[in-house]
Amino acid sequence: MNKNKKIIIFLLFTFIVCVALAGCSLRDRIEEYSSDKEQCYLNTENVTRFSYKGNDYTILADTVSNGGLGDWIGYIRQLAAIDESGKILLQENVETATFQSLADLAEKAPEAAYIIPFLNVYAAPNADDYLIVDVNGGYHKAVISENVKGSDTVFDFKETEESINDSFEVNPENATQLLCGETVYQVTSDMVSDDELGSYIDILAESVTFDTETKMPLSKEDLSNIDWYGENAGQGREYWFYTDVYEIYGTDKAEAVAVKVNNNYYIAKRQ
């Protein structure tokens, strides 16, 4: 995961939280909106566990939809750098982290294998035997640790698709393509509805302006030499803002994924 990606992840988190708080300024209003919410703490030895009001909870693999959330009751709001064993090596507070601290997150914890965001905690709407926690884009059930059953499946942080060495990125030689390791995905004009989205995979949150003919991203120097339509330089350009990547229901993610570009989800097919 490169520095620019971590910086923009923070910008995306700020945007998401501000929207949740009815468009307010995060820094100005966060204390007001969180004053009656319980601060929760991750277990630094085991990222699948956190505390809420003195009780230790274990995060499960089971998830609920956005409509399955109860009242907002607590928050974690940490970006956690984790090693292969699940131990937290470093945490950055989403609310107060600076651009530089996020940009250097991987450098501060070079042995980290995963970087995972933990946001808010919710009550279950019609049950009191579990909570719901927003982890890496999914709403996971969490039960008191001593009540975990043998049939329960604990949240597997290794399946978050946020491995530092195996995440999605925009192809630096073709802005209409994504790279994931050795795999190339071509973004198509075919759109996907929200109902067709499967599991969350990754956050890109990257803006890119590129030459409409060559598809090559334009540098700051290039952008300063042409106008928006490229009329003065005989060069056209296009702007894309990439955000998140999801699986597509019924489709192997090794063959195609859904990527959000300029607020619409498009199919990106493996080449």
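What counts and how
Residues numbered from 1 in each chain as written. Predicted model: local features only at pLDDT ≥ 70, side-chain atom pairs only at ≥ 80, totals over all residues. Heavy atoms only, no water. Helix = DSSP H or I, 4+ residues; strand = E, 2+ residues; numbered from the N terminus. Pairing = 2+ DSSP bridges. Axes fitted to C-alpha atoms, helices over the stretch in contact; angles between N-to-C directions. Buried < 20%, exposed > 50% of the residue type's maximum accessible area, 1.4 Å probe, protein only. Core = buried A, V, L, I, M, F, W, Y, C linked by side-chain atoms within 4.5 Å. Contact = heavy atoms within 4.5 Å. Phe/Tyr/Trp six-rings, centres within 6.5 Å; stacked < 30°, edge-to-face > 60°. Lys NZ or Arg CZ within 6 Å of the ring centre and 35° of its normal. Salt bridge = Lys/Arg side-chain N within 4 Å of Asp/Glu carboxyl O. pLDDT = per-residue confidence, 0-100.

## Description of the environment of K53
And then number 1: Checked against the element boundaries, K53 lands in the loop between β3 (46-52) and β4 (55-64).
And then number 2: Separated by twelve residues in sequence, K53 and Y41 place their C-alpha atoms 9.8 Å apart.

## Some details on the sheet that holds strand β11 (residues 174-180)
And then number 1: Pairing is antiparallel in the open sheet, where seven strands are placed in the order β10-β11-β12-β16-β15-β14-β13. With one partner strand each, in any of the chains shown, β10 (168-171) and β13 (197-211) form the two edges of the open sheet. Adjacent strand axes in the sheet meet at a mean angle of 35 degrees, parallel and antiparallel pairs treated alike.
And then number 2: Here strand β15 (residues 256-261) pairs with strand β16 (residues 264-270) via six bridges, running antiparallel. Residue pairing across strands places A258 opposite I267, the latter belonging to β16.

## Re the side chain of T48
And then number 1: Checked against the element boundaries, T48 lands in strand β3.
And then number 2: In this structure T48 comes out as buried when scored by relative accessible area, which is 6%.

## Things to note about the nonpolar core
And then number 1: Judged by nonpolar contacts, the single largest core of 23 residues is most densely connected at F50, I76, I82, F118, V121 and V133.
And then number 2: Secondary structure elements with two or more residues in this core: β3, β4, β5 (72-82), β7 (114-123) and β8 (131-135).
And then number 3: Counting residues in hydrophobic clusters, the runner-up holds 19 residues, among them F210, V245, V261 and A268.

## Examining the pairing of β16
And then number 1: Note that strand β12 (residues 183-192) and β16 share five bridges and pair antiparallel. Note that in β16 the partner of V192 across the bridge is Y265.
And then number 2: From the end of β15 to the start of β16, which pair antiparallel, there are two residues, and N262 there has a positive phi angle of about 50 degrees.

## Quick notes on the pairing of β13
And then number 1: Burial runs high along β13: twelve of the 15 residues are buried.
And then number 2: Pairing of β13 with strand β14 (residues 237-248), which is carried by ten bridges, proceeds in the antiparallel orientation. Paired with F210 across the strands is E238, a residue of β14.

## Side note on the side chain of N174
And then number 1: Of note, N174 is situated in strand β11.
And then number 2: Once you skip the residues sitting within four places of it in the chain, N174 turns out to touch Q186, K215 and P217.

## Side note on the packing of aromatic side chains
And then number 1: All told, the structure shown has eight aromatic pairs when counted by the stated rule.
And then number 2: Taking 5.7 Å as the distance between ring centres and 15 degrees as the angle between the ring planes, the aromatic pair formed by F50 and Y57 counts as stacked.
And then number 3: Members of the aromatic cluster, connected to one another through ring pairs, are F50, Y52 and Y57.
And then number 4: In this structure, R77 packs its charged tip against the face of Y75, placed 4.6 Å from the ring centre.

## Topic: the pattern of salt bridges
And then number 1: Per the counting criterion, the structure on display carries four salt bridges.
And then number 2: Note that R49 and D56 form a salt bridge whose closest N and O atoms lie 2.6 Å from each other.
And then number 3: Residue class for R49 comes out partly exposed when judged on its relative accessible area of 28%.
And then number 4: In this structure, E247 and K253 form a salt bridge, with 3.9 Å as the shortest nitrogen-oxygen distance.
And then number 5: K253 sits in the partly exposed class, given a relative accessible area of 30%.

## Quick look at the environment of S207
And then number 1: Relative to the helices and strands, S207 resides in strand β13.
And then number 2: On a C-alpha basis, the gap between S207 and A175 in space is 9.8 Å, while along the polypeptide they are 32 residues apart.
And then number 3: If we skip the residues at most four places from it in the chain, S207 touches Y239, W240 and F241.

## Some thoughts on the confidence of the model for the protein chain
And then number 1: Per-residue confidence for the protein chain averages 78 on the pLDDT scale, and 73% of its residues sit at or above 70.
And then number 2: Of the regions scoring below 50 in pLDDT, residues 161-165 engages in 20 contacts with residues more than four places distant in sequence or in other chains.

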